[in-house]
Structures are given as structure tokens and as C-alpha cells.
Amino acid sequence: MAASDDTPLRMELAQLRQEHRDLDAAVQALSASGSADALQLQRLKKKKLQIKDRITALEDQLHPDIIA
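Here we summarise the structure given alongside this text. Here the structure is a predicted model, which means the values were calculated and not measured. (Residues numbered from 1 in each chain as written. Predicted model: local features only at pLDDT ≥ 70, side-chain atom pairs only at ≥ 80, totals over all residues. Heavy atoms only, no water.)

Digging into the side chain of lysine 48
- In this fold, lysine 48 is placed in helix α2 (residues 38-62).
- Looking at lysine 48, the relative accessible area reads 19%, which means it is buried.
- In this structure the side chain of lysine 48 is engaged in a polar contact, spanning 2.7 Å, whose partner is the side chain of aspartate 24.
- Among residues more than four places away in sequence, those in contact with lysine 48 are His20, Leu23 and Asp24. (Helix = DSSP H or I, 4+ residues; strand = E, 2+ residues; numbered from the N terminus. Buried < 20%, exposed > 50% of the residue type's maximum accessible area, 1.4 Å probe, protein only. Polar contact = N/O pair within 3.5 Å; in protein donor to acceptor, adjacent residues only side chain to side chain. Contact = heavy atoms within 4.5 Å.)

The following block contains the structure:
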């Protein structure tokens, strides 16, 4: 993949990393508040995991493991 071809992937990757950090901060803040809603925490963590999976997939596209 040429450098110019992967620009949209890199932009999406940066956006997903930021969203993952934001969700992590939200989970920590909700947990620290003491009045954490278990269902809301579970949903945030699930969303965070989905984003992490997408980040991994994008990283694999950008940097494939080529065993030669």
C-alpha cells in the first residue's frame, strides 16, 4: 500500500485511538464516582473493546506481518 493510499486509514486510526482514550477516561470517572451504573459501565467497556478490535485490524492493514 502506497503512503498516499493509507492516509484515510491513518486518519481513522487516529480518530479511533482518541475515542478509545476518551472512553477509558469516562470508564475511570464513572468508576471513581462511586455511583457507577453497572449496565452503563458494561456498555462503555464493550464499546471500548470494539474500538480496540477495529484499531488492531487497521494496524494489521497498515503493517501486515509478512514472513519471508
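Re the nonpolar core
- Counting residues in hydrophobic clusters, the biggest one holds 12 residues: Leu9, Leu13, Leu16, Leu23, Val27, Leu30, Leu41, Leu44, Ile51, Ile55, Leu58 and Leu62.
- Contributing elements (two or more residues each) for this core: α1 (7-33) and α2.
- Not counting residues up to four positions away in its chain, the partners in contact with isoleucine 55 are Leu13, Leu16, Arg17 and His20. (Core = buried A, V, L, I, M, F, W, Y, C linked by side-chain atoms within 4.5 Å.)

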